[in-house]
Amino acid sequence: ADWNLVANMVHAVQRRWTEPDHGIWEIRGNPRHHVYSKVMGWLTVDRALRLASRFGREAEPGWADLREEIRADVLEHGWNEAARSYTAAYDGVDLDAATLHIGLTGLIDPTDPRFIATVKATEAELRSGATVYRYHHDDGLPGGEGGFHLCAAWLVEAYLLIGRRSDAEALFSQLIAAAGPTGLLSEEYD
């Protein structure tokens, strides 16, 4: 039953990965080809192939090709030379902390200069002290928002992957300090 679920998830990716969407943050406005969504499609296929290999399941013909097709598409269309970063979506220069997943998932090697540049761009544009914002573009909603602890945790992991351990430890310490009396972190932080 578990393998059937995995196979059905890959089938869903096969059918829909080329469609634009509203992304992880469900941005109001026209659907776009969000990098994070494409990366998650790649991750689904990649992990299905790994599970098949590890547990003796039969991966369907074409899954490995699909994984490579998605990867190639993200690498070609997700990088924006003007922004010097992978961006929120294929058609813009706006940054999104979720694009850190291009390296966190293994779609791109963390030592790749484009991933390192994406980490640096995320840090420069979306980080303010211990706060890491999801994005800074108009999302169609009134008012501003705080940073997201989840995005800060992604940046901690990205720092580790690119060899910036002291930066990772410093940001992690700031995250811990922001925890409430129960030791829990809120989703959003200002």
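These notes cover the structure that comes with them. The shown structure was predicted, so the numbers you read here are calculated from the model rather than taken from an experiment.

**Focus: the overall build of the protein chain**
- If you tally the helices and strands in the protein chain, you get seven helices and six strands.
- Each helix and strand of the protein chain, placed in order from N terminus to C terminus, yields the pattern α-α-α-β-β-α-α-β-β-β-α-α-β.
- Whereas a compact globule of 190 residues would reach a radius of gyration of roughly 16 Å, the protein chain reaches 18 Å, a difference of no more than 12%.
- Of all 190 residues assigned to the protein chain, the portion counted as buried reaches 44%.
- Taking the contacts inside the protein chain whose residues are at least 6 apart along the sequence as the reference set, 60% of them involve residues at least 24 apart.
- If you sum the accessible surface of the protein chain, you get close to 10,200 Å²; carbon and sulfur atoms cover 51% of it.
- The positive charge centre, built from 18 side chains, and the negative charge centre, built from 29, are 5 Å apart in the protein chain.

**Quick notes on unusual backbone geometry**
- A positive phi angle is found at Arg84, which is not glycine, with a value near 55°.
- The topology assignment puts Arg84 in the loop between β1 (79-80) and β2 (85-86).

**Quick notes on the layout of surface pockets**
- Space inside the largest pocket adds up to approximately 210 Å³.
- Elements that contribute at least two residues to the lining of the largest pocket include exactly α1 (2-16) and α2 (35-55).

**A short note on α1**
- Taking 1.5 Å of rise per residue, the 15 residues of α1 would be expected to cover 21 Å, and the 21 Å separating its terminal C-alpha atoms lies within 8% of that figure.
- Within α1, the full set of buried residues consists of Trp3, Val6, Ala7, Val10 and Val13. The buried residues of α1 occupy an angular sector of 115° when projected down its axis, which confines them to one face. Structural note: α1 exposes Asn4, Leu5, Arg15 and Arg16 on the side pointing more than 90 degrees away from its buried face.
- Of the surrounding secondary structure, the elements contacted by the buried residues of α1 are α2 and α3 (63-77).

**Comments concerning the packing of aromatic side chains**
- Under the defined criterion, the tally for this structure stands at four aromatic pairs.
- Where Trp25 meets Trp154, the ring centres are 6.1 Å apart and the plane angle is 40°; that geometry is what we call tilted. Placement of Trp25 in the loop between α1 and α2 and of Trp154 in helix α6 (residues 149-161) is noted, with a sequence separation of 129 residues between them.
- A relative accessible area of 13% means that Trp25 is categorised as buried.
- For Trp154, a relative accessible area of 9% gives the class buried.
- Centroid distance Trp79 to Tyr86: 5.3 Å. Interplanar angle 70°. Geometry classified as edge-to-face.
- Given the relative accessible area of 16%, Trp79 is considered buried.

Cut-offs applied
Residues numbered from 1 in each chain as written. Predicted model: local features only at pLDDT ≥ 70, side-chain atom pairs only at ≥ 80, totals over all residues. Heavy atoms only, no water. Helix = DSSP H or I, 4+ residues; strand = E, 2+ residues; numbered from the N terminus. Rg over C-alpha atoms; globule rule 2.2 N^0.38 Å. Buried < 20%, exposed > 50% of the residue type's maximum accessible area, 1.4 Å probe, protein only. Contact = heavy atoms within 4.5 Å. Areas by Shrake-Rupley, 256 points an atom, 1.4 Å probe, with all protein chains shown as cover. Lys, Arg positive; Asp, Glu negative; His and termini not counted. Charge placed at Lys NZ, Arg CZ, Asp CG, Glu CD. 1 Å grid on protein atoms, 1.4 Å probe; cavity = no way out; pocket = protein on both sides within 12 Å on 5 of 7 lines; lining within 4 Å. Points joined across faces, edges and corners; volume = space filled by probe spheres on them. Expected span 1.5 Å × (residues − 1). Arc of directions from axis to C-beta. Phe/Tyr/Trp six-rings, centres within 6.5 Å; stacked < 30°, edge-to-face > 60°.

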